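Each chain, letter by letter, is given below.
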Amino acid sequence: MRYVNSILLLAISLIALNVQAITVIVHPSNVNALNKKTVKKIFLGKSKKFLDGSQVIPVDLTKGEARTQFLSTVIGKSESQLKAYWSKLIFTGKGQAPRKVDTEAEVIKLVSQNPNLIGYISDSAVDDSVKIAIKF
Amino acid sequence: MKKLQICTIGLSLLYIPQSFADITLNGFASIRATQVNSDGGSAPFGFKEGEITFKDESLFAIQARADLTEGLTATIQLYADGWNDFDVEARWAYISYQVADNHTINIGKLANPLFHQSEYEKVGYAHNFSRLPMAVYTGFDFATMEGISLNSQFDIADGDYTLDTKWLYGSWDGDITLNSIGNVDLGLKDILSFNATFSGDWWKVFAGAFVTEMVADSLDANSYIPAIQPGVQAALSLGATQSDVTKFTENVIWHEKDGLYWFAGFGIDRDDWILDFEYTNYGVQDSVDAPNENWYLALGKRFDSYVITIHAEESKQPEDYGFLNGINHPVLQATGKGLQGVLAASEWDGYGISLRYDFHPSAALKVDYFTGENQISDIGDYQIMSAGIDLVF
C-alpha cells in the first residue's frame, strides 16, 4: 500500500510539474490591470493600448511548453488555427503577428527594458526584473 | 584623375546603403494537382477536361511591408499563378497610415473586398478548402482596384464583441471574360464599397455591398449590340419603329449603368465544429444582366491536426425580364429573353468533401473531391479531384 501511495504521489508531482502556470509579465513600472480577455485581445492584435493609454507591444515565443499552454489556455487556438488567423490579417494589410523570440530569457530581457512590452513565460522562469501581471 | 576615379569607385563599393525602414517579408503558396472530368466532354471553371495539371491551381506570392514608423507603412505583394503562366504581377501596392488606434487608411492598388473572404481568397492556408467555393469566389478580373479605403475596428460591450468595418472608394479598368462572348474591355468607375463583420469569441455575422458605374461602351459595342442585331433587323422588318429599337438597345446595354454586388453570411467555430454560410447577389441594374445568385454552406469538424469539411454550393441566374418593361414588339422581347438566356446558361451546383492535414507548422496538405451539374450541355455532370499543399511564411 505504501508503494502504491508513493507511485500516486510521484505521478501527481509529475503532473503538477508539467502543468506550470503561465505568467504574463510586464515592465516593473507598468501598473495596468490585465485580465484574460485583455491579454487575448492584445496577442491577437485587437488591442493596441494598455488601460492607461500607453502603447502595448506583445512579445511571443516561437515554441516551447509555455507557448503551447498559452495558446490553449489564453488564446484558445492551435498553432495552425493561429497561423491561419494571422494569415488573414497579414495578407489583407490589417495586422502583423507579434514579434517572436526563441527563449523565455529573451522575453524577460526585452520586457524588463521596455514599459510598452508584454510577454508570457512559465512560472518558474520569472525573476525580479519583470512584474507579474496575471497568471493562468 | 584616374586615381580619383578609382578612389570614388572604391568608396562607392564600401558604401552600404542604410535601410530607412524595417521591412517584413511574408508569403504564401499553393501547389496543387487537379483533375477535372465531365460527362459532356468540356471541363467547367476553365479547367481542361481529363488532364491532371499541376499548373492551374498553383500560385506563389511574396509580400513586403515597410514600416516607416509613426503609423505609416508601405506594402507590395508580388503574385503569380498558373492560370496566367506564372507571370508576376504587383497584385497590391499601397501605403497605409494609422490615423487612430482603430482606424487605418490605405491608398494605392488594393484588394477589392467584393465578398467576405475576397481579400485573402488566394491564401489557401487561411481556409480549409482546396479552393474557396467557386459559386461565391469565382475569380473576378476586378479582384483588385485602385483607390482609398478605411479599415476600422470597434470594441463593443466592453470588448466582448468586435465590429470590423471597411469603406472603400476607387476604380478599375481592364478586360473581363463573358460566357459565350470572350474577353472584352470594361471599366468600373466610382466604386463605393462598405462591408462589416460583427463577431464574438466563436461566431461572426457579416454583410457588405459594392456599387459602381459601368464603363462598358466597348463591351456593349463588341458583344451585346452585335448579339442583338439579327433580332433588331428582324423586328424592323416586322414593323418595329426606330424608337422601339433605340429604347430596346438602351435597356440591354451596360454602359453608364450601376453594377451592384452584395453579400451576407455567418460563421461559427466552436468546440471544433465549423459552420460557414455566405450568399452573394450581383448584376448590372436595368440591363440584360439578370442578378446572379450564389451561395455556399460548409460544415467542418476539427480532429487535432485534421479538418474534414463537407459543403454544398450553387450558382444561378434566374430570369428577370424587368429590362423589357416598355418593350412591346414581340421580336424584340424574344431577342432580349434569348440574350439573357445565353448569359445565364452556365447555372450550376455542386457538393464536395475536403480533408486538411496540418503536417507542418507552416503548411497544410489538402485533398478534395467535388462533384456537381452544370446546365451547359457540353459540361453536364462533372467531378473535380485535387491534392495539394498550401503554405504561408
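Each chain carries its own residue numbering, running from 1 in the direction its sequence is written. Each chain is given a letter, starting from A, and each ligand a number, starting from 1, according to the order in which they appear as written. At least 70 in pLDDT is required for a residue's local features to be given in this predicted model, at least 80 for side-chain atom pairs to be given and counted, and no such filter applies to totals for whole chains, interfaces and linings, which use all residues.

This part is about the interface of chain B and chain A. Reports often express the size of an interface as the amount of accessible area lost when the parts come together. Remark: residues whose backbone-derived C-beta atoms lie within 7 Å of one another are considered to be in contact. With 23 residues of chain B at the interface, the matching set in chain A holds 17 residues. Helix and strand definitions here come from DSSP, where helices need a minimum of 4 consecutive H or I residues and strands a minimum of 2 consecutive E residues; each element is numbered from the N-terminal end. Breaking the side of chain B that touches chain A down by element, the ones donating at least two residues are β1 (22-38), β6 (103-111) and β7 (144-156) of chain B. Sort the elements by how many residues they give to the side of chain B that touches chain A and β1 of chain B lands first, with 3 residues. Residues are grouped as follows: Ala, Val, Leu, Ile, Met, Phe, Trp, Tyr, Cys and Pro are nonpolar; Asp, Glu, Lys and Arg are charged; all remaining types, including Gly, are polar. Here the residues of the side of chain B that touches chain A are counted per class, giving 9 nonpolar, 11 polar and 3 charged.

This next bit is on the confidence of the model for chain A. Keep in mind that low pLDDT regions are not for reading the predicted coordinates in detail. What pLDDT expresses is the predictor's confidence in each residue, scored from 0 to 100. Per-residue pLDDT for chain A averages 87, and the proportion of residues at 70 or more is 85%. In the model, residues 10-17 of chain A has pLDDT below 50 throughout and makes 0 contacts with residues more than four positions away in sequence or in other chains.

Here the focus is the environment of S223 of chain B. You can see S223 of chain B is positioned in helix α2 (residues 217-237). For the pair S223 of chain B and I253 of chain B, spaced 30 residues apart in sequence, the C-alpha separation works out to 9.4 Å.

Once that is clear, we can look at the environment of S199 of chain B. Residue and element names in this part refer to chain B. With respect to the helices, strands and loops of the structure, S199 is situated in strand β9 (residues 182-199). Backbone-placed C-beta atoms define the burial measure: a residue is buried with 20 or more other C-beta atoms within 10 Å of its own, exposed with 12 or fewer, and partly exposed in between. Residue classification places S199 among the partly exposed positions, given that 16 C-beta atoms sit within 10 Å. For the pair S199 and Y97, spaced 102 residues apart in sequence, the C-alpha to C-alpha distance is 25 Å. Discounting chain neighbours no more than four positions away, the residues touching S199 are Y161, T162 and K204.

The next thing to look at is helix α4 (residues 330-343) of chain B. Along an α-helix, residues three or four apart share an orientation, since each turn contains 3.6 residues. For α4 of chain B, spanning 14 residues, the distance from its first C-alpha to its last is 20 Å, which sits close to the expected 20 Å at 1.5 Å a residue. Looking only at α4 of chain B, the buried set comprises V331, L332, T335, G336, L339, Q340 and L343 of chain B. Every helix has an expected span of 1.5 Å times one less than the residues it contains.

Residues and elements named next belong to chain B. In this model, T69 sits at a positive phi of 70°, which is unusual for a non-glycine residue. As for its position among the elements, T69 is in the loop between β3 (59-67) and β4 (72-81). For T69, a count of 9 C-beta atoms within 10 Å gives the class exposed. Even without glycine at this site, D190 takes up a positive phi of about 50°.

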